Amino acid sequence: MRSRLCLTSLAVAAMMTPAIAADPIRIGVPVGLSGANSVVAPSVVQSAELAVEEINAKGGVLGRPLALDVADDGSGAAGAQKAFDALIFQKKVNVLISMETSAARNAGLPIVARGKTPFIYTSFYEGKSCSPYLYVNAWVPEQQVPPIVDYFNKEKKAKSYFLIGSDYAFGRGMLSFTKSYIEKTGGKVLGEEYLPMDGSDWTPIISKLKASGADAIITSTAGGAPNVTLTKQLRAAGVSLPYGNLAVDEGTAKSMGADATGIYIAASYVTGIDTPANKTFLAAMSKKFGADLKTPNDLSVPEYEAVYAYKAAVEKAGGTDQAKVLKALEEVSVDGPRGSIKMDKQRHSGTPRSPCISARSRLTARWA
């Protein structure tokens, strides 16, 4: 698959007041507008647009407006290298804030290091990615996997599992942890199969699943298109086992229609969170985008919160100096739709004070 690069500058601050008529602070958003993540990427961009608009309407950050530069990373490594290079060295962004596939993130990190650019990664992922420039405000396997396995063990009496994933860092990393946790809790993994990230024919793998006699299935694919094709083919094959999905978001699930019925997830965000902060956020999204609104989800809401986290870090640092901002990011917190989010010295989010997330998370939704 040939990656393409689409670089745009969004004039979010087009109606700036004189109070913030200064050089903008540029936020780069490398995201998969094409490829596997194209299903969810538009919702990520919308979340960033709302955060920037809100902040600019209140005077910007230290008297400067925020501006977005969005680049298509093609959802893969080659496109990410082009997107990161263009954003950092051509657009000269002050920070990168985005969700991406793990393949794209890993390919972009050396460019981030070369530019010494802060990078807030807003996607749930397989964990263990370390860089002095990287912060993550989303969940990792230790927070997401146990609630699903524990639920299946207790409520569905599952003793054996079949694992299916996309063949790259996220798919294999998530399922490696899942296998270890299943075995730790007394279960067995009867099969573990992978398809390339751009693959779409899951038929041979589904045949192995049906022949295995497993009590439950857990999947970890690239977000977006692979989720849709795998789920559709599972349903067409008549698979009705308890189905835990480690990669689906609410927006993608809705695009599946009836095929999403019965999928179990553990998530840091669903639109049904009943808090004033989430209701305010959803109302603002609806007002801004109207009929064009993409469903806010566990991959897009962290983007909104990360823009506010960067704002707080710049204010604490007294400017956009990269080293000072990187230090400040471990000290600031944001109250957003998911609750109170704080990234710590380990550069990952800690335990938010939200009924939807904890250090061990919990099952928050079943698509029905």
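Draft legend 1. Region of interest: the side chain of Ser-123. Take Ser-123: it is sitting in the loop between strand S5 (119-121) and strand S6 (134-136). Classification of Ser-123 by relative accessible area gives buried; the value is 4%. Sequence-distant contacts of Ser-123, defined by excluding residues within four places in its chain, comprise Met-99, Glu-100, Val-136, Ala-138 and Leu-299.

Draft legend 2. Looking closely at the packing of aromatic side chains. As enumerated under the stated definition, the model contains 12 aromatic pairs in all. Note on Phe-124 and Trp-139: the rings are 4.2 Å apart at their centroids and 0° apart in plane angle, and the pair reads as stacked. Here the residue Phe-124 occupies a position in the loop between S5 and S6, and Trp-139 occupies one in the loop between S6 and helix H4 (141-155), the gap between them amounting to 15 residues. Where Tyr-151 meets Tyr-264, the ring centres are 5.4 Å apart and the plane angle is 40°; that geometry is what we call tilted. Here Tyr-264 lies in strand S11 (residues 263-266) and Tyr-151 lies in helix H4, a separation of 113 residues in the sequence. On the accessibility criterion, Tyr-151 (27% relative accessible area) is partly exposed. Judged by relative accessible area, which is 4%, Tyr-264 ranks as buried. Three or more aromatic residues joined by ring pairs make a cluster, and in this case those are Phe-84, Phe-119, Tyr-121 and Tyr-125. Positioned above the aromatic ring of Phe-289 is the side chain of Lys-288, whose terminal nitrogen or guanidinium carbon lies 5.3 Å from the ring centre.

Draft legend 3. Broad picture of the pairing of strand S8 (residues 188-195). As defined by bridge partners, strand S7 (residues 160-166) adjoins S8 across seven bridges and the pair is classed as parallel. Note on S8: the bridge partner recorded for Ser-160 is Lys-188. Assessed by its sense of winding, the connection that carries the chain from S7 through helix H5 (residues 169-184) to S8 is right-handed.

Draft legend 4. Region of interest: the environment of Gly-28. For Gly-28, the position within the fold is in strand S2 (residues 25-31). Taking the relative accessible area as the measure of exposure, Gly-28 reaches 0% and is therefore buried. Along the primary structure Gly-28 and Ser-98 are separated by 70 residues, whereas in three dimensions their C-alpha atoms are 8.0 Å apart. Gly-28 has contacts with Asp-69, Leu-87, Val-93, Val-95, Leu-96 and Ile-97, leaving out every residue within four places of it along the chain.

Draft legend 5. Local environment of H4. When the terminal C-alpha atoms of H4 are compared, their 21 Å separation across 15 residues agrees well with the 21 Å that a helix rising 1.5 Å per residue should span. What H4 keeps buried is the set Pro-141, Gln-143, Gln-144, Val-145, Pro-146, Pro-147, Ile-148, Val-149 and Phe-152.

Draft legend 6. Structural detail: the packing of helix H2 (residues 77-90) against helix H3 (residues 102-115). Taken N-terminus to C-terminus, the directions of H2 and H3 make an angle of 30°; their axes are 8 Å apart at the nearest point. Considering their axes alone, H2 and H3 lie roughly parallel with respect to each other. Once H2 is placed against H3, the crossing between them reads as right-handed. Residues Ala-77, Ala-80, Gln-81, Phe-84, Asp-85, Ile-88 and Phe-89 of H2 pack against Ala-103, Ala-104, Ala-107, Gly-108, Ile-111, Val-112, Arg-114 and Gly-115 of H3. Taken together, the residues of the contact of H2 with H3 break down into 10 nonpolar, three polar and two charged.

Draft legend 7. Structural view of the environment of Thr-280. Within the fold, Thr-280 resides in helix H9 (residues 276-289). A relative accessible area of 56% means that Thr-280 is categorised as exposed. The spacing of Thr-280 and Pro-337 is 57 residues in sequence and 8.3 Å in space, taken between C-alpha atoms.

Draft legend 8. Geometry of helix H1 (residues 41-57). With 17 residues, H1 should reach 24 Å at 1.5 Å per residue; the first-to-last C-alpha distance of 25 Å fits that figure. The buried fraction of H1 is high, at 14 of 17 residues. Downstream of H1 by a residue or two, Gly-59 has a phi angle that is positive, lying close to 105°.

Draft legend 9. Summary view of the pairing of strand S4 (residues 95-98). Covered by surrounding structure in S4 are Val-95 and Ile-97 together with Leu-96 and Ser-98, the residues of both alternating faces. Where S2 and S4 come together, two bridges link them in parallel fashion. Paired with Gly-28 across the two strands is Leu-96, which belongs to S4. Handedness of the crossover is the feature at issue here: the chain leaves S4, passes through H3, returns alongside S5, and the resulting connection is right-handed.

Calculation criteria
Residues numbered from 1 in each chain as written. Predicted model: local features only at pLDDT ≥ 70, side-chain atom pairs only at ≥ 80, totals over all residues. Heavy atoms only, no water. Helix = DSSP H or I, 4+ residues; strand = E, 2+ residues; numbered from the N terminus. Buried < 20%, exposed > 50% of the residue type's maximum accessible area, 1.4 Å probe, protein only. Contact = heavy atoms within 4.5 Å. Phe/Tyr/Trp six-rings, centres within 6.5 Å; stacked < 30°, edge-to-face > 60°. Lys NZ or Arg CZ within 6 Å of the ring centre and 35° of its normal. Pairing = 2+ DSSP bridges. Right-handed = clockwise from strand over helix to strand, strands pointing away. Expected span 1.5 Å × (residues − 1). Axes fitted to C-alpha atoms, helices over the stretch in contact; angles between N-to-C directions. Parallel < 35°, antiparallel > 145°, perpendicular 65-115°, else oblique. Left-handed = near helix turned anticlockwise from the far one by under 90°. Nonpolar A, V, L, I, M, F, W, Y, C, P; charged D, E, K, R; others polar.

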